[in-house]
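Coordinates in review
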Amino acid sequence: MSDQQQYVLAIDEGTTSARAIIFDHSGSVVSIGQREFEQILPRAGWVEHDPIEIMQAVNDVVGQALGRADINRHQVVAVGITNQRETTIVWDRTTGKPVYNAIVWQDGRTTSIVDEISAGDELGTERYRQITGENISNYPSAPKIKWILDNVDGAREKAEAGDLLFGTPDTWVLWNLTGGVNGGVHVTDVTNASRTLLMDIRELTWREDICKDFDIPMSMLPEIKSSSEVYGYGSKNSLLIDTPVAGILGDQQAATFGQACFEPGNVKNTYGTGCFTLMNTGEDAVFSKNGLLTTVCYKIGDKKPVYALEGSIAVAGSLVQWLRDNLRIISSAPEIEDLANTVEDNGGAYFVPAFSGLFAPYWRTDARGALVGLTRFINRGHLARAVIEATAFQTREVVDAMNADSGVPITALKVDGGMTANNTLMQFQADQVGVPVIRPVVAETTALGAAYAAGIAVGFWNGEQDVIDNWAEDKRWEPQGDQDERARLYRNWKKAVTKTFDWVDEDVKD
Ligand code: ADP
């Protein structure tokens, strides 16, 4: 009988690795394939990936997942794709070859492009935010596309002749899976398009005027579709031959979907390299007055789009890695918890990890990291504690911004990602946000969200209610401790943040 079971496969093309996960109808993980790929760091502040290596990794992990599940491809009824967002790939539609490496979302090379374009606009950055929901910054795709066209020999001519295609990793993976130069489908979904700075967030169409600002020929851009519909089928030479590819969601939106945050006011936070908090705001695109981005959360087929407010935090788990790799105070990430628990509290020390500026809610490129409140008393344990607390304080800042923007305080914070293994962090987080912090049984919420989007499109699941029914709580942390003390710690954190602003390295000339 088992060979009649049906499954959905999700491809998660992340920042450091590609994964393929097969899910059954209950939303449980059946098998996982995973492969890391190289982080190419040609200069300080530049981060690239090799798109060919990304595709090799994707194909590998699909094979691994199918092999480990011991099922045949006919049992996979749909494929979903989720991906690192904003990361920019430009390739030649006739050869299928990228003209340059993928420029990764964290890459900071486009500052001068951003400064030039925002200076030339009389309404400055606000105009872009009102149209696209995003700030003009290094973060979205548009300046990255422009950089490639301006800096790769012959690229602009080819782009203007209609020979080049642009895609975020979802689009690159889809185009290749569905045949590449032999009829590959050139499509993205609304959530990924909403991270490019090129899409009108209300109309869900590319903006000709903004493309012009960035000198981007519109012929390069993929067609924008919903997050849940059949885009194409696995090509003849792929492992997923004839399987419908039917769901695409950017990674953070996928996690929001996988966490069943379908009601306005539902919030999830993913604790990985960075931290990304998203609040569902329903069919209204709410524009933040408090430093959050407006983004498309998902769109199921012909239904109306659902929007989200997003607080993007650049450094969270990567601060733990920094403690491990640069200071060598710990030898593995989980060790930080025991070390932090050798002390009662932070001893007065606060660590603001503004390593390359601060994202939400400050958006300060002039900030640099600071460890403040140091006295002779501070030891390794306090430092570990300050590192853990930094993630919780940063999350509280974006949750406070969400509460202020929406006018309705959140009632719970659903969490996922690697750092949720840290009990001390999760308890401190609950104390700081003042609402229960809840982790689901299936930790793979990002891949799960993409699987649901694909499965809903082909009728494997009926819709959001199935996702809600499958979601189950694993663990919850209730707020504890003295409220005044929690407030005092947060006030100190806010003060510590101000110490990172206006940092100018006196040795660097413009
Ligand atoms: P990503 O998908 O961004 O690569 P993951 O969700 O896999 O991230 O989480 C990995 C991150 O979590 C790493 O940055 C690591 O330092 C951090 N991490 C893992 N385990 C713990 C822990 N027990 N305590 C604190 N941080 C942790």
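Preceding this paragraph is the structure being described.
The notes below deal with the structure included here. Positions within a chain are numbered from 1, following the residues in the order the chain's sequence is written. Reporting in this predicted model follows two pLDDT cut-offs: at least 70 for local features of residues, and 80 or more for side-chain atom pairs to be given and counted; totals over whole chains, interfaces and linings ignore these cut-offs and use all residues. Side-chain numbers here rest on the full set of heavy atoms in the structure, without hydrogens or water.

1. A closer look at the environment of Lys 304
The condition that has to hold: In this description a helix means any DSSP run of H or I spanning at least four residues, a strand means any run of E spanning at least two, and both kinds are numbered starting from the N terminus. When a residue's accessible area, from a 1.4 Å probe over protein chains only, is under 20% of the maximum for its type it is buried; when over 50% it is exposed; and in between it is partly exposed.
Position of Lys 304 among the secondary structure elements: in the loop between strand S17 (293–298) and strand S18 (306–313). Under the relative-accessibility criterion, Lys 304 is labelled exposed at 58%. For the pair Lys 304 and Val 286, spaced 18 residues apart in the sequence, the C-alpha separation amounts to 15 Å.

2. Some points on the side chain of Thr 294
Short version of the rule: Pairs of N or O atoms within 3.5 Å make up the polar contacts considered here, provided that, within protein, one atom can donate a hydrogen while the other can accept it, and that residues adjacent in sequence are counted only when both atoms are side-chain atoms. Should any heavy atoms of two residues lie within 4.5 Å, those residues are considered in contact.
Residue placement: Thr 294 occurs in strand S17. Separated by 2.7 Å, the side chain of Thr 294 and the backbone oxygen of Val 286 make a polar contact. Each residue touching Thr 294, except ones within four places of it in the same chain, is listed here: Thr 132, Gly 133, Ile 201, Ala 285, Val 286, Phe 287, Ser 288, Ala 308 and Leu 309.

3. Concerning the environment of Asn 346
Relative to the elements of secondary structure, Asn 346 occurs in the loop between helix H11 (335–340) and strand S19 (350–352). Taking the relative accessible area as the measure of exposure, Asn 346 reaches 4% and is therefore buried. Polar side-chain contacts of Asn 346 include one of 2.8 Å to the backbone nitrogen of Gly 348. Polar contacts involving the side chain of Asn 346 include one to the side chain of Glu 389, which spans 2.9 Å.

4. Considering the nonpolar core
Rule in force here: Take the buried Ala, Val, Leu, Ile, Met, Phe, Trp, Tyr and Cys residues and link them wherever side-chain atoms come within 4.5 Å; each set so joined is a nonpolar core.
Counting residues in each nonpolar core, the largest one holds 91 residues, and the members touching the most others are Phe 257, Tyr 271, Tyr 298, Ile 336, Leu 413, Val 437 and Trp 493. At 12 residues, the largest contribution of residues to this core is made by helix H12 (residues 380–406). Ignoring sequence-local partners within four residues, the contact set of Trp 493 consists of Tyr 350, Phe 351, Val 352, Pro 353, Ala 390, Phe 393, Gln 394 and Glu 397. Residues Val 90, Ile 103, Trp 147 and Val 296 belong to the second largest nonpolar core, which totals 37 residues.

5. A few points about the pairing of strand S2 (residues 17–23)
Just so we agree on the cut-off: Strands were regarded as paired on the criterion that DSSP finds at least two bridges between them.
Burial within S2 is extensive, with seven of its seven residues counted as buried. Here S2 shows no split at all, with Ser 17, Arg 19, Ile 21 and Phe 23 on one side and Ala 18, Ala 20 and Ile 22 on the other all buried. Here strand S1 (residues 7–13) runs beside S2; their pairing, made up of six bridges, is antiparallel. Its bridge partner lying in S2, Glu 13 is registered against Ala 18. Two strands pair when backbone bridges link them, and S2 and strand S3 (residues 29–36) are joined in this way by seven bridges, in the antiparallel orientation. Each residue of the ladder has a partner; that of Ile 22, found in S3, is Ser 31. Taking the residues between adjacent antiparallel strands as the criterion, S2 and S3 are bridged by five residues, where Gly 27 takes a positive phi near 80°.

6. Quick word on helix H6 (residues 169–177)
The buried fraction of H6 is high, at eight of nine residues. Burial in H6 covers these residues: Pro 169, Asp 170, Thr 171, Trp 172, Val 173, Leu 174, Trp 175 and Leu 177. Positive phi shows up at Gly 179, right after H6, with a value of about 125°.

7. Thoughts on helix H13 (residues 423–433)
The element H13 is extensively covered by neighbouring structure, given that 10 of its 11 residues are classed as buried. All buried positions along H13 are accounted for by Thr 424, Leu 425, Met 426, Gln 427, Phe 428, Gln 429, Ala 430, Asp 431, Gln 432 and Val 433. In this structure Asn 422 caps H13, since a side-chain oxygen of it lies 3.1 Å from the backbone nitrogen of Thr 424. Looking one or two places after H13, you find Gly 434, whose phi comes out positive at around 75°.

8. Some words on a nonpolar patch on the surface
Our working rule: Patch rule: a residue counts if its relative accessible area is over 30% and it has no salt bridge; like charges are joined within 9 Å, and nonpolar side chains (Val, Leu, Ile, Met, Phe, Trp, Tyr) within 5 Å. Using the Shrake-Rupley algorithm and a 1.4 Å probe, accessible areas are obtained, with residue cover drawn only from the displayed protein chains. By convention in these notes, a salt bridge is any Lys or Arg side-chain nitrogen within 4 Å of a carboxyl oxygen on Asp or Glu.
A grouping of Val 230, Tyr 233 and Val 458 is seen on the molecular surface, where their side chains present a nonpolar patch of about 240 Å² in accessible area. The residue Tyr 233 is located in strand S13 (residues 228–233) in this model.

9. What about the sheet that holds strand S15 (residues 267–271)?
Convention followed: Where helices are involved, their axes are fitted lines through C-alpha atoms of the stretch in contact, as for all axes, and angles between N-to-C directions lie from 0 to 180°.
Strands sit in the order S17-S18-S16-S15-S21-S22-S23 across an open sheet of seven strands; the sheet is mixed. Only two strands of the sheet have a single partner each, and these edge strands are S17 and strand S23 (473–477). Averaged over all adjacent pairs, the angle separating strand axes in this sheet is 30°, with direction ignored. Contacts between H12 and the sheet are confined to S15, strand S16 (275–282), S18 and strand S21 (413–416), with S16 contributing the most and set at about 15° to the helix.

10. Looking at the packing of aromatic side chains
Aromatic ring pairs: the centre-centre distance and the angle between the two ring planes describe each pair. Defined as follows: Stacked, tilted and edge-to-face are the three classes assigned to paired rings of Phe, Tyr and Trp, where Trp is represented by its six-membered ring and a pair needs centres within 6.5 Å; plane angles under 30 degrees give stacked, over 60 edge-to-face, the rest tilted. Any Lys NZ or Arg CZ found within 6 Å of a ring centre and within 35 degrees of that ring's normal is scored as a charge over the ring.
Per the stated rule, a full pass over the model turns up 24 aromatic pairs. Consider the rings of Trp 46 and Trp 147, whose centres lie 5.5 Å apart with planes at 80°: the pair is edge-to-face. Here Trp 46 is found in the loop between S3 and strand S4 (48–49), whereas its partner Trp 147 is found in helix H4 (residues 142–151), with 101 residues between them in sequence. The exposure classification of Trp 46 matches that of Trp 147, with both residues buried. Ring plane angle 75° and centroid distance 6.4 Å describe the contact between Phe 351 and Phe 355, whose orientation is recorded as edge-to-face. With a relative accessible area of 5%, Phe 351 lands in the buried category. Residue class for Phe 355 comes out partly exposed when judged on its relative accessible area of 32%. Through pairs of rings, three or more aromatic residues link up here, namely Trp 105, Tyr 139, Phe 276, Phe 359 and Trp 363. If you follow Arg 364 out to its NZ or CZ, it ends over the ring of Phe 501, 4.0 Å from the centre.

11. Focus: unusual backbone geometry
The residue after Ala 360, namely Pro 361, is reached through a cis peptide bond having omega -5°. Looking at the secondary structure, you find Pro 361 in the loop between S19 and strand S20 (370–372). A positive phi angle, near 65°, is found at Asp 242, a position not held by glycine. Of note, Asp 242 is situated in the loop between S13 and strand S14 (244–250). For Asp 242, a relative accessible area of 57% puts it in the exposed group. Not every positive phi belongs to a glycine, and Trp 363 is a case in point at roughly 50°. Following the sequence through the fold, Trp 363 ends up in the loop between S19 and S20. Among the residues examined, Trp 363 registers a relative accessible area of 23% and is labelled partly exposed.

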